[in-house]
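# Breakdown of the fold
Listed here are the chains, written in short residue letters.
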Amino acid sequence: MDAESLLLSLELASGSGQGLSPDRRASLLTSLTLVKRDYRYDRVLFWGRILGLVADYYIAQGLSEDQLAPRKTLYRGRGRKLGNQDPGDVVGSLNCMEWSLLPPATEEMVVQTSVLKGRFMGDPSHEYEHTELQKMSEGEKVFEEEVVVQIKEETRLVSVIDQIDKAVAVIPRGALFKTPFGPIHVNRTFEGLSLSEAKKLSSYFHFKEPVELKNKTLLEKADLDPSLDFMDPLEHDIPKGSWSIQMERGNALVVLRSLLWPGLTFFHAPRTKNYGYIYVGTGEKNIDLPFML
Amino acid sequence: MEDLTSPKQDKKNQELGEARRPWEEIAASSQDPKSGLSEPLEPEQWLETGPQPRSGPPQSPQSRASPPLDDVTGPGAPSPPSPAPEASFIPSTLALARQQLAAPWQSDRTTDVNPKAETPHSHRLEQSSDQGKSTAPQTCQSEGDIFQQSQQTERHLYGPEDVSNNNSKQKELRFNIFQEEDSNSNYELDHTESGVSEGAPSPLEIAIQSAKAYLLKTSSKSGLNLYDHLSDMLTKVLDERPENAVDIIESISQDVKMAHFRKKLDTLQNENEMLPIYETAEKQKALFLQGNLEGVDQELEDEIAENSLPNVMESAFYFEQAGVGLGTDETYRIFLALKQLTDTHPIQRCRFWGKILGLEMNYIVAEVEFREGEDEEDVEDEDVTEERDDGDSDAEENDEDELPRTFYKTPQVIPKEENRTGANKYVYFVCNEPGGTWVKLPPVTPAQIVTARKIKKFFTGRLETPIVSYPPFPGNESNYLRAQIARISAGTHVSPLGFYQFGEEEGEEEEEVEGRRDSFEENPDFEGIQVIDLVESLSNWVHHVQHILPQGRCNWFNPIQKSEEEEEEEDEEKEEEKEEPEYMEQEVGPPLLTPISEDLEIQNMPPWTTRLSSTLIPQYAIAILRSNLWPGAYAFSNGKKFENFYIGWGHKYSPDNYTPPALPPVYQEYPSGAEITEMDDPSVEEEQAFRAAREAAALPVEEMGETEEDEDEDDDSDQE
C-alpha cells in the first residue's frame, strides 16, 4: 500500500484482522517519508510484516518512475539487542527507525531457500543449517557426504518476499498504463473499477512482468488494450480458486485474499482510487491448498 | 484565467477564440518556443508545437509529432489515437495562438504595427505557399523571419482583443495557410477553390463553412459530432486544468464521451450496483436503533445491572496495541450486534470470540453461556439413527442364513459431552456480518473433533455447505466450524496465573479419581502480575479451557463399560467373536490450569511468542501472547485484565505438509476355512497322479483285506 495513504489503507485492510499498532503506524509514517527522500524513490509502498518467532520484519518497497522496474526492498527488524536476550525486550535497540536495503533476489537464492521450512526467527543474521547429501568424488570413488549448508535468514527473507511478489502482488486493471516507449506510469485518470468489474477476477493483474501474456491466442489478444492489459490477470491462476474475493461493507469495498500465501490481503474501494495490498503473515506458502479447497 | 466566462456560448467561434487566448497567455510566460522545435517543419508544425511548452518536450507520445502534411492529408492515417481531423483543426487554431505567442516575443523586435494591407498579407502567404510547395525542410530561423511580419500583423489584428472582429480574419489566415500547404496533396476537406483566388463569396469563407460543416457532421454510430466533442473536451480541460494535459488527452476525450451516455443509463446502473450497499446499511442501521421506548428508565437500570455484555471496545483497544483488530467502526458494529444477541436470548455471559475468515463470507463468532436452566435443547437425532442402523443390520443377518458372519463391529459411538461440560461448555453463535442474524452452532461430538483433526478445509462462509473429505466428516460446515472453534479454544485460551482458581468443593477426592477438575472460578484476590513477568516467562499463563483428549472429549469416556451392558443383549454367538480388548487405557491430558510453559514444542519451535506491545513506552505497555500452533490466536494482558481473541482461517499450523490419512487395510470379513478359502483347481497331471495314488492305496487295502481273511481262515483253521 502506498505510504502516502497509509492510514486509510490500513483501515480498509483491517478486515483481515492483522494490522499495525498505533506506535508502529506512527513510526512508519515518519520513517517512510524519510526513506522516500533518502533513496529518491518515486513511490514507497509499505509491503507488510513478516511475523517471526523472536521479532517481526517490516518490509517496504521503493518504486522508481517505471512502475514495473525491479523494486528495491527494504526491511526493518528489531535491531541488535545490546544486552538482554529476552524476546520483546528492546532495551538498547537503536534501529527502530532504520531501514536496511535487501539485495535483489536471484534464482539461486530461491532454489537454495526452498528447502527451508518453518517459521522465520526474526533475526536477520540467524543461520539455518541444512544438511544436504552431496556427491563428492575423490579420484575414482564416488560417495555421498553429508554437507551442512548454512543459509542466512536474510537470504530467506529476500527469496520469500520475491516469491510473494511474483505470486500474489495485485494491481487493478487500469491503475497503470504502458507508454509506447516502454516505461509504465501510474494512470492519473484511473477512477477505480466499476462495481461489476470489481467482482471479477479478470480485472485484477499480477504486479509483475507478464509471463502468460505471450501464450495467449491472437483472438484473445485482439480484445486486449495494449496500454492497459500488459500484465497477467488473476483469472487463470493455478490452482483455480486460490483467491477469495469478498465484498465488505455492502458493496463499498472489495477484498481479495490469497489462499496460497495466507496473509496477503488486497483491498480496493470501487469507483475510487483507493487500492493496495499488504502481507501480514508468517512468510510460508500454503502447500496444502489443494486439499483445503 | 478569470477572463474566461462560461464555456457554453452560442458562438463556437467565440469559444474557440477565447480558448486561444489563455494559450497565448500561457505561452507568453513560457520559454522560448523556438527552442522547442526540433523537426524539419512545415509552418503548421512549428506553430503547433509552440503553445505546448508547459507540456514538456514536443515528443510527447500523443503529440502530433508526425508531419502535419500527414495529419492534414490522411485523417485516418496517423497512429496517434486522436482523430485526424481534429489534428488538422487544432494545428490551425494553435497556429493562431502560436502567432500570438510569438508576438510578445517579438516585442523587442521592431514593433512595426504597420497595418499591412491584404497585399503584403498575400505576399507573405504566397511566400509561405512557396514554402509549402517546396518539400525541402525549412529551418527554424528562416521560418521565423518569414513569420515575424505576419505575426506583427496579426498582433495588430488581435491587439484590440476584439474577438468578433478578428474571427473572420483569423479564419482567413488559418485557412489560407491550410490551403497553401495542401495544394500539393490530396485533401479530404472540401476545398474546391484550391488556388488563392479572391472571388466573392471569398473562397476562404466557403472553405471555413465547408470545414465547419464537416466537423458538425453527426456520426452515424454515436450521434455525436466532432465539433461539439472537441469543444466539450477543450472546455473540460480548461475548467479542470490538469497537469500535463496533453499526456492524458485521450482519456479526457473518452471521459467526455462517456459522460454523454452516463446520463441516459444513470438510474439503471445505480440501482443494481448500489442496492447491496443500501441493504447492508439498512441492516446495520437497525443495530443502532435503541430498543422499544416503553419504560425506558426501568429497562436502562435493568440493563446496567445485568450487563452480560463484555466491553468489546476496551478489549479492542488493547488488541489494537498488539496490531490485531478489525478496525474501530467494524468492532463497534460487532459490539452492537452482540448487544442485540444478548437482548434476544437469555444469556448469562457473552464474549466476542473472534472472526474466522472464509472463502465467500466470514464468520463472526460469539461465545455465550446461557443462564442456568435456560438451555435450548435441540433434539439430537444422531444417536437415535445409529441405534436404528445396528438393529437393521441384525435383522438382515437373521433373515439370510449361512452367510459368513462379519467380524466388523461398528466402533462404539462415543457420546458427546453434556452441555455445559467439557467441549460443550459454551454455546457459540455465528453471523456472517454484524447486523445479520445470529445462528446457534450445534454442540460438538467427539467424532467430529476426531475427524476435524484429520482434515484441513477452508470455510466457505455458508453453514450448510457439506464437507467433502477423507475421512468423511460427520456433518456439514456448521459442525466443522464448531469443532474447530472447540479445538482453538482448548488450545489457545489462556489467562494469567492466579486469575482463575479451583473452586473449593467438598468432593475433591472424587474428582481426582476421575482425573479431572473441570470447574474454576475467578479469584477475587487476584492481584495482578507484572507485565514484564508475563512477557518473560510462559509459566505465568495457564490454560483455562480443558484439553481435548484424543478421544474427542474432555472427560474420559470408557467405551468398554457400555459395551458390556450391550453384550448381554446381543446374541451369544457374537459374544464369542468379540475381539475388543478387555481394557482400554484411560486417556489422560494435562489438567486444567496448567501453565503454558508445559505446552509441547512444534519441531523446536516454541508454541507461544510473547511481546511487549510498545517498545518505546514500556511503562504502559501490555503483554501480548501470540500462538504459533494456531496462527491467529492472540491473548493480551495488562497485568489485571486479560482477553483472548482469534482471527484467522481456522487451521492449525504444521510445518510439514498435510497428508490425508491412508486408507485402512482391507478388513477380514469372515473366518477363513476350508469351504471359503480359494484353492486352485487341480491340473490334469495332478488329478491323474492323485487317482493313481488312490488306486495304489486301494490295492494294498484290498490285499490287506484278503490277507486278513486268509489269516482269519488260517486262524480259524488253526484254532480247530
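Residues numbered from 1 in each chain as written. Chains lettered and ligands numbered in written order. Predicted model: local features only at pLDDT ≥ 70, side-chain atom pairs only at ≥ 80, totals over all residues. Heavy atoms only, no water.

## Remarks on the overall build of chain B
Cut-off, in case you're wondering: Put simply, DSSP H or I for four residues or longer makes a helix, DSSP E for two residues or longer makes a strand, and each gets a number counted from the N terminus. Whether two residues touch is decided by their heavy atoms; if any such pair falls within 4.5 Å, the residues are in contact. Each accessible area is a Shrake-Rupley estimate made with a 1.4 Å probe; only the visible protein chains count as cover when residues are assessed.
When you go through chain B residue by residue, the secondary structure sums to 21 helices and 12 strands. The long-range fraction of contacts in chain B, counting pairs at least 24 apart against all pairs at least 6 apart in sequence, stands at 67%. Total accessible area computed for chain B in this model is approximately 40,400 Å², and 50% of it derives from carbon and sulfur atoms.

## Points about the overall build of chain A
Where we set the bar: The buried label goes to any residue with under 20% of its type's maximum accessible area, the exposed label to any with over 50%, and the partly exposed label to all in between, with areas taken from a 1.4 Å probe on protein chains only.
Within chain A, the secondary structure is distributed over 7 helices and 14 strands. Expressed as a percentage of its 293 residues, the buried residues of chain A come to 52%. Sequence separation of at least 24 residues holds for 57% of the intrachain contacts in chain A that already meet a minimum separation of 6. Just so you have it, chain A exposes about 13,600 Å², and 54% of that area is on carbon and sulfur atoms.

## What about the interface of chain B and chain A?
In plain terms, the rule: What gets called buried area is simply the loss in accessible area from a 1.4 Å probe that two parts show on being joined, summed for both. Salt bridge, as used here, is a side-chain nitrogen of Lys or Arg placed within 4 Å of a carboxyl oxygen of Asp or Glu. Between N or O atoms, a polar contact is any pair within 3.5 Å; within protein, one atom must be a potential hydrogen donor and the other a potential acceptor, and residues adjacent in sequence are included only when both atoms are from side chains. Residues were grouped as follows: Ala, Val, Leu, Ile, Met, Phe, Trp, Tyr, Cys and Pro as nonpolar; Asp, Glu, Lys and Arg as charged; and all remaining residues, including Gly, as polar.
Each partner contributes to the interface: chain B provides 55 residues, whereas chain A provides 56 residues. Taken over both partners, the interface formed by chain B and chain A buries close to 4,500 Å², and the fraction arising from carbon and sulfur atoms is 49%. The tally of links between chain B and chain A comes to 4 salt bridges. Here arginine 25 of chain A makes a salt bridge to glutamate 320 of chain B, at a shortest N to O gap of 2.9 Å. Between chain B and chain A we count 23 residue pairs in polar contact (both at pLDDT 80 or more) in total. The element that contributes the greatest number of residues to the side of chain B that touches chain A is helix H10 (residues 249-288) of chain B, accounting for 6 residues. The residue inventory of the side of chain B that touches chain A, partitioned by class, reads 24 nonpolar, 19 polar and 12 charged.

## A closer look at the pattern of salt bridges
Summed over all chains, the structure comprises 20 salt bridges over all chains. Taken together, the shared-partner salt bridges in this structure form one network comprising Arg49 and Asp56 of chain A together with Arg611 and Arg626 of chain B.

## What to know about the confidence of the model for chain A
Residues and elements named next belong to chain A. Keep this limit in mind: Note on scores: pLDDT gives the predictor's confidence for each residue, bounded by 0 and 100.
Confidence in the prediction of chain A, expressed as mean pLDDT, is 80, and 91% of residues score 70 or more. Mean pLDDT values for the elements of chain A range from 74 in strand S5 (residues 127-138) up to 92 in strand S13 (residues 264-268). Predicted confidence is poor over residues 79-95, with pLDDT under 50, and the contacts of this stretch with residues over four places away or in other chains come to 23 contacts.

## Topic: the pairing of strand S9 (residues 608-612) of chain B
All names here are of chain B. Where we set the bar: Two strands make a pair as long as DSSP finds a minimum of two bridges between them.
By the criterion of burial, S9 is predominantly enclosed, with 5 of the 5 residues buried. Here S9 runs beside strand S10 (residues 623-627); their pairing, made up of 5 bridges, is antiparallel. Paired with threonine 609 across the bridge in S10 is arginine 626.

## Focus: the packing of helix H12 (residues 312-321) of chain B against helix H13 (residues 328-344) of chain B
Relative orientation and spacing of two packed helices are given, respectively, by the angle between their axes and the distance between those axes. All names here are of chain B. Note the following rule: Here an angle of 0 to 180 degrees is reported between the N-to-C directions of two axes, which are lines fitted to C-alpha atoms, with helices fitted over the stretch in contact. Should an angle lie under 35 degrees it is considered roughly parallel, over 145 roughly antiparallel, and from 65 to 115 roughly perpendicular; all remaining angles are considered oblique. What makes a crossing left-handed is the near helix being turned counterclockwise from the far one by less than a right angle; a clockwise turn instead makes it right-handed.
The N-to-C vectors of H12 and H13 enclose an angle of 150 degrees; their axes lie 9 Å apart at closest approach. Accordingly, the angle class assigned to the pair H12 and H13 is roughly antiparallel. As H12 runs across H13, the sense of the crossing is right-handed. Every residue of H13 that contacts H12 at Val312, Met313 and Ala316 is listed here: Thr328, Thr331, Tyr332, Phe335 and Leu338. Tallied by class, residues from the contact of H12 with H13 come to 6 nonpolar, 2 polar and no charged.

## What about the environment of valine 427 of chain B?
Along the chain, the position of valine 427 of chain B falls in strand S3 (residues 427-431). With residues near it in sequence (within four places) discarded, valine 427 of chain B still touches Ala366, Glu367, Val368, Phe370 and Lys440 of chain B.

## Considerations on the environment of proline 270 of chain A
All names here are of chain A. Checked against the element boundaries, proline 270 lands in the loop between S13 and strand S14 (275-281). According to the relative accessible area criterion, proline 270 is buried, its value standing at 9%. When the C-alpha positions of proline 270 and valine 254 are compared, they lie 7.2 Å apart, and in sequence the two are 16 residues distant. If sequence neighbours within four positions are ignored, proline 270 has contacts with Leu193, Leu195, Ala198, Asn251, Ala252, Leu253 and Val254.

## Observations concerning a negative patch on the surface
This is how the line gets drawn: Patch definition: residues above 30% relative accessible area lacking any salt bridge, with like charges linked at up to 9 Å and the nonpolar side chains Val, Leu, Ile, Met, Phe, Trp and Tyr linked at up to 5 Å. His is not counted here, nor are the chain ends, while Lys and Arg score as positive and Asp and Glu score as negative. For the purpose of locating charges, the reference atoms are NZ of Lys, CZ of Arg, CG of Asp and CD of Glu.
A grouping of Glu678, Asp680, Asp681, Glu685 and Glu686 of chain B is seen on the molecular surface, where their side chains present a negatively charged patch. Positionally, glutamate 685 of chain B belongs in helix H21 (residues 684-719).

## Focus on helix H9 (residues 226-240) of chain B
Residues and elements named next belong to chain B. Selection criterion: In this scheme, a helix's expected span is set at 1.5 Å multiplied by one less than its residue total.
For H9, spanning 15 residues, the distance from its first C-alpha to its last is 21 Å, which sits close to the expected 21 Å at 1.5 Å a residue. When H9 is considered as a whole, its buried residues turn out to be Leu226, Tyr227, His229, Leu230, Ser231, Met233, Leu234, Thr235, Val237 and Leu238. Downstream of H9 by one or two residues, arginine 241 has phi in the positive range, about 50 degrees.

## With respect to the sheet that holds strand S11 (residues 243-248) of chain A
Residue and element names in this part refer to chain A. If you walk across this open sheet you meet the 8 strands as S4-S3-S2-S1-S14-S13-S12-S11, and the pairing is mixed. Of all strands in the sheet, those with a lone pairing partner are strand S4 (100-101) and S11, marking the two edges. Of the pairings in the sheet, the one linking strand S2 (residues 57-63) to strand S3 (residues 72-76) comprises 5 bridges and is antiparallel in character. Paired with alanine 60 across the two strands is leucine 74, which belongs to S3. Packed onto the sheet, helix H2 (residues 22-39) meets strand S1 (43-50), S2, S3 and S4 and runs at close to 140 degrees relative to S3.

## Focus: unusual backbone geometry
Residue and element names in this part refer to chain B. In this structure, the amide linkage connecting tyrosine 470 to the following residue, proline 471, adopts the cis form with an omega of -5 degrees. For proline 471, the location among the structural elements is in the loop between helix H15 (446-454) and helix H16 (477-492). With a phi close to 50 degrees, arginine 241 is a non-glycine residue in the positive phi region. Along the chain, the position of arginine 241 falls in the loop between H9 and H10. Phi at asparagine 244 takes a positive value of approximately 50 degrees, unusual for a residue other than glycine. Position of asparagine 244 among the secondary structure elements: in the loop between H9 and H10. For asparagine 244, a relative accessible area of 34% puts it in the partly exposed group.

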